[in-house]
Amino acid sequence: MHFHIITIFPSFFDPFLSEGLIKKGIDKGAFSVSVHDLRDFTDDVHRTVDDRPFGGGSGMVMKVEPIYRAVESLRRENSKVILFTPRGRRFTQKKALEMSKESDIIMICGRYEGIDARVEEHIADEKISIGSYVLMGGEVPAMAVVETVSRILPGAVGKDGFLENRMNEEGFAEYKQYTRPEVFSPCEGVEWKVPKTLLSGDHKKVSQWKNKRKRIIK
Ligand code: SAM
């Protein structure tokens, strides 16, 4: 799996890609990520990526030409081109599972008041929204996609098969978890206890306990 990210703020991704499980997954070769500066695909001295909207209105709009050039330079036969917009299809765990079967994902991060609509009409295969709110840019959505999709790729997190028993076409099973100490006392007379079943060592009961409380993230 290879993720391409097209952005005007490539340095946003430096800490993201050099820490924690994302870095480990990349180092292990479970997936790879390349970040592309949209300004490298401009053809004027000012490296212009935006212009005023036709018909008037506030704010600037991202130009189609640099995005076209960037995508065409990266596109392979099996590439899936994703455009981030709050008007897109909602990104869910199910969508992440679907995306985890792709081999090459190209993500376009918008900024300003949006992107020339010819990008969604002629370049992108799909429009994705990460939620019903408007962010300043598509960089956080790109990070959300990389984290969610790479997490379910074989061998990316923990040992192979680590998460498989929690995941199916329906969604991803999540449940409450506890760790040491068994009893935590934040102040005198107050004790926050771990449920007894989890300390029992009885695997059947523990798994029943978990099953009863699990939430399927769809
Ligand atoms: N009117 C623009 C549109 O419909 O795409 C929104 C502009 S928004 C200020 C700037 C950029 O942030 C968008 O082009 C998009 O890439 C990204 N963005 C904002 N909210 C988003 C969301 N909920 N999901 C995905 N991307 C979002």
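Residues numbered from 1 in each chain as written. Predicted model: local features only at pLDDT ≥ 70, side-chain atom pairs only at ≥ 80, totals over all residues. Heavy atoms only, no water.

**So, the sheet that holds strand β6 (residues 104-108)**
- One open sheet accounts for five strands, arranged β2-β1-β6-β5-β7; its pairing is parallel. At either end of the open sheet lies a strand with only one pairing partner, and these are β2 (32-37) and β7 (126-129). Shown here is a sheet whose adjacent strand axes are inclined to one another by a mean of 30°, direction ignored.
- Bridge count between strand β1 (residues 2-7) and β6: five bridges; the pairing is parallel. Paired with Ile-6 across the bridge in β6 is Ile-108.
- Its contacts with the sheet place helix α6 (residues 139-151) against β1, β2, β5 (80-90) and β6, and it is angled at close to 175° to β1. (Pairing = 2+ DSSP bridges. Helix = DSSP H or I, 4+ residues; strand = E, 2+ residues; numbered from the N terminus. Axes fitted to C-alpha atoms, helices over the stretch in contact; angles between N-to-C directions. Contact = heavy atoms within 4.5 Å.)

**Thoughts on the packing of aromatic side chains**
- Across all of its chains, the model carries five aromatic pairs by this definition.
- Here the aromatic rings of Tyr-178 and Trp-209 are separated by 6.4 Å at their centres, their planes lie at 65°, and the arrangement is edge-to-face. With a gap of 31 residues between them, Tyr-178 in the loop between β9 (171-174) and β10 (183-184) and Trp-209 in helix α8 (residues 203-213) connect regions that are remote in the sequence.
- Take Trp-209: its relative accessible area is 8%, and that puts it in the buried class. (Phe/Tyr/Trp six-rings, centres within 6.5 Å; stacked < 30°, edge-to-face > 60°. Buried < 20%, exposed > 50% of the residue type's maximum accessible area, 1.4 Å probe, protein only.)

**Brief notes about empty space enclosed by the protein**
- If you walk through the whole model with that rule in mind, you get one cavity of 30 Å³ or more.
- Its volume calculated, the largest cavity comes out at about 30 Å³.
- Around the largest cavity sit Gln-93, Lys-94, Leu-97, Ile-152, Met-167, Asn-168 and Gly-171, which together line it.
- Within the residue set of the lining of the largest cavity, elements represented by two or more residues are α4 (93-99) and β8 (167-168).
- Counting residues per element, the lining of the largest cavity draws most heavily on α4, which supplies three residues.
- For the lining of the largest cavity, the per-class residue count stands at three nonpolar, three polar and one charged. (1 Å grid on protein atoms, 1.4 Å probe; cavity = no way out; pocket = protein on both sides within 12 Å on 5 of 7 lines; lining within 4 Å. Points joined across faces, edges and corners; volume = space filled by probe spheres on them. Nonpolar A, V, L, I, M, F, W, Y, C, P; charged D, E, K, R; others polar.)

**Focus on the domain arrangement of the protein**
- Each domain of the protein was delimited in the assignment, giving domain 1 (2-152) and domain 2 (175-217).
- Here the C-alpha centroids of domain 1 and domain 2 sit 40 Å apart. (Domains from an automatic or database assignment.)

**Let's talk about the site of the ligand**
- The environment of the ligand is formed by 20 residues, the closest being Phe-84, Arg-87, Gly-110, Tyr-133 and Leu-135.
- A distance of 3.0 Å separates a nitrogen atom of the ligand from a polar atom in the backbone of Ile-130.
- Contacts to the ligand include Gly-137, whose backbone N or O atom sits 3.4 Å from an oxygen atom.
- In isolation the ligand has 560 Å² of accessible area, and contact with the protein removes 89% of it.
- Elements supplying a minimum of two residues to the shell around the ligand: β5 and β7.
- Counting residues per element, the shell around the ligand draws most heavily on β5, at four residues. (Near = heavy atom within 4 Å. Polar contact = N/O pair within 3.5 Å; in protein donor to acceptor, adjacent residues only side chain to side chain. Areas by Shrake-Rupley, 256 points an atom, 1.4 Å probe, with all protein chains shown as cover.)

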